[in-house]
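So the chains spell out like this:
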Amino acid sequence: DIDLNLARSTATVTWNSSPGVIYAIWASPDLISWRELSDNEMGVEGQTTTSYTETPLPADTGTRRYYQIRLP
(Lines give C-alpha, C1' and ligand atoms only; values in the text may rest on other atoms or scores of the structure.)
Protein backbone atom coordinates (compact mmCIF):
# COMPACT_ATOMS: atom_id res chain seq x y z
CA ASP A 1 0.00 0.00 0.00
CA ILE A 2 1.28 3.50 -0.81
CA ASP A 3 -0.09 6.68 0.74
CA LEU A 4 1.23 9.60 -1.35
CA ASN A 5 0.63 13.03 0.17
CA LEU A 6 2.04 15.76 -2.09
CA ALA A 7 0.78 18.54 0.20
CA ARG A 8 2.95 17.18 3.04
CA SER A 9 5.70 15.94 0.69
CA THR A 10 5.53 12.40 2.08
CA ALA A 11 4.89 8.88 0.83
CA THR A 12 4.31 6.02 3.24
CA VAL A 13 4.84 2.53 1.85
CA THR A 14 3.40 -0.47 3.74
CA TRP A 15 4.14 -4.08 2.77
CA ASN A 16 3.63 -7.61 4.09
CA SER A 17 6.69 -8.58 6.09
CA SER A 18 8.14 -11.30 8.28
CA PRO A 19 9.57 -10.71 11.76
CA GLY A 20 13.35 -10.34 11.85
CA VAL A 21 13.72 -10.02 8.08
CA ILE A 22 15.55 -6.91 6.86
CA TYR A 23 14.18 -5.10 3.80
CA ALA A 24 15.52 -2.44 1.44
CA ILE A 25 13.26 0.25 -0.06
CA TRP A 26 13.92 1.67 -3.52
CA ALA A 27 12.06 4.50 -5.28
CA SER A 28 11.70 5.67 -8.88
CA PRO A 29 9.86 8.48 -10.66
CA ASP A 30 9.78 6.58 -13.97
CA LEU A 31 10.50 2.85 -13.44
CA ILE A 32 13.87 3.40 -15.15
CA SER A 33 16.12 5.13 -12.63
CA TRP A 34 15.99 3.72 -9.08
CA ARG A 35 17.38 5.14 -5.84
CA GLU A 36 17.83 3.22 -2.60
CA LEU A 37 16.07 4.96 0.29
CA SER A 38 16.90 2.52 3.07
CA ASP A 39 18.49 -0.90 3.43
CA ASN A 40 17.72 -1.52 7.09
CA GLU A 41 13.94 -1.80 7.61
CA MET A 42 13.23 -4.83 9.80
CA GLY A 43 9.99 -6.75 10.18
CA VAL A 44 8.75 -6.60 13.77
CA GLU A 45 7.70 -9.58 15.89
CA GLY A 46 3.91 -9.78 16.18
CA GLN A 47 3.29 -7.60 13.12
CA THR A 48 2.49 -8.77 9.60
CA THR A 49 3.31 -5.47 7.88
CA THR A 50 6.12 -2.92 7.93
CA SER A 51 5.99 0.75 6.86
CA TYR A 52 8.53 3.27 5.64
CA THR A 53 7.89 6.99 5.09
CA GLU A 54 9.87 8.88 2.48
CA THR A 55 10.10 12.54 3.46
CA PRO A 56 10.61 14.96 1.95
CA LEU A 57 9.78 13.75 -1.53
CA PRO A 58 12.16 14.88 -4.28
CA ALA A 59 11.17 18.17 -5.90
CA ASP A 60 10.58 16.45 -9.24
CA THR A 61 7.96 14.06 -7.81
CA GLY A 62 4.82 14.21 -9.92
CA THR A 63 1.57 12.39 -9.33
CA ARG A 64 3.31 9.01 -9.71
CA ARG A 65 6.04 7.47 -7.60
CA TYR A 66 7.11 3.83 -7.73
CA TYR A 67 8.57 1.71 -4.95
CA GLN A 68 10.28 -1.65 -4.68
CA ILE A 69 10.78 -3.63 -1.50
CA ARG A 70 13.85 -5.86 -1.76
CA LEU A 71 15.82 -8.22 0.40
CA PRO A 72 19.30 -6.64 0.62
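To be clear, the structure that these remarks concern was listed above.
Just so you know, these numbers come straight off a predicted model, no measurement behind them. Per chain, the residues get numbers from 1 upward, laid out in the order the sequence is written. Local features in this predicted model are restricted to residues whose pLDDT is 70 or higher, and side-chain atom pairs enter the listing and the counts only when it is 80 or higher, whereas totals over whole chains, interfaces and linings include all residues. The basis for every side-chain value is the complete set of heavy atoms in the structure, and neither hydrogens nor water enter the calculation.

Caption draft 1: Fine view of the sheet that holds strand β3 (residues 22-28). Taking strand neighbours across the sheet as the criterion, the three strands line up as β4-β3-β6 in an open arrangement whose pairing is antiparallel. The strands lining the two open edges of the sheet, one partner per strand, are β4 (35-42) and β6 (66-70). Recorded for the sheet is a direction-independent mean angle of 20° between the axes of neighbouring strands. Two strands pair if DSSP finds at least two bridges between them. Every helix listed is a DSSP run of H or I at least four residues long, and every strand listed is a run of E at least two residues long, numbered separately from the N terminus. Sheet topology note: the β3/β4 ladder contains five bridges and is antiparallel. By the bridge assignment for β4, I25 is matched with S38. In this analysis, axes come from line fits to C-alpha atoms, helices being fitted only over the stretch in contact, and the angle between any two N-to-C directions falls in the range 0 to 180 degrees.

Caption draft 2: Quick peek at the environment of R65. In this structure, R65 sits in the loop between β5 (49-54) and β6. Sequence spacing of R65 and E45 is 20 residues, and the spatial spacing of their C-alpha atoms is 29 Å. Residues are treated as being in contact if the distance between any of their heavy atoms lies within 4.5 Å. Sequence-distant contacts of R65, defined by excluding residues within four places in its chain, comprise A27, S28, P29, R35, E54, L57 and P58. N or O atoms within 3.5 Å of each other form a polar contact, as long as, within protein, one can give a hydrogen and the other can take it, and as long as residues adjacent in sequence are counted only when both atoms are side-chain atoms. Within the structure, the side chain of R65 is placed 2.8 Å from the side chain of E54, a separation counted as a polar contact.

Caption draft 3: Quick peek at the sheet that holds strand β2 (residues 10-16). Strand order in the open sheet formed by three strands is β1-β2-β5, with antiparallel pairing between adjacent strands. Whereas interior strands pair on both sides, the edge strands pair on one side only; in this sheet they are β1 (2-5) and β5. Ignoring strand direction, the axes of neighbouring strands in this sheet form an average angle of 10°. When β2 meets β5, the two strands line up antiparallel, connected through six bridges. Bridging across to β5, N16 finds its partner in T49.

Caption draft 4: Just the packing of aromatic side chains, in detail. Aromatic rings from Phe, Tyr and Trp, taking only the six-membered ring of Trp, are treated as a pair when their centres fall within 6.5 Å; an angle between ring planes under 30 degrees marks them as stacked, one over 60 as edge-to-face, and anything in between as tilted. Under the defined criterion, the tally for this structure stands at one aromatic pair. Between the aromatic rings of W15 and Y23, the centroid separation amounts to 5.8 Å while the plane-to-plane angle is 70°, which identifies the pairing as edge-to-face. Like W15, the residue Y23 is buried in the burial classification. Just above the ring of W26 sits the side chain of R70; from NZ or CZ to the centre is 4.0 Å. Residue exposure (1.4 Å probe, protein chains only): buried if accessible area is under 20% of the type maximum, exposed if over 50%, otherwise partly exposed. Two limits define a charge over a ring: the Lys NZ or Arg CZ must be within 6 Å of the ring centre, and within 35 degrees of the ring normal.

Caption draft 5: Representation of the nonpolar core within the structure. A11, V13, W15, Y23, I25, A27, L37, Y52, L57 and Y67 together form the largest nonpolar core, which totals 10 residues. Among the elements of the structure, β2 and β3 are those that each provide at least two residues to this core. Those residues in contact with Y67 that lie beyond four places of it in its chain are I2, A11, V13, I25, W26, A27, W34, L37, E54 and L57. Buried residues of nine kinds, namely Ala, Val, Leu, Ile, Met, Phe, Trp, Tyr and Cys, make up a nonpolar core once their side-chain atoms join them within 4.5 Å.

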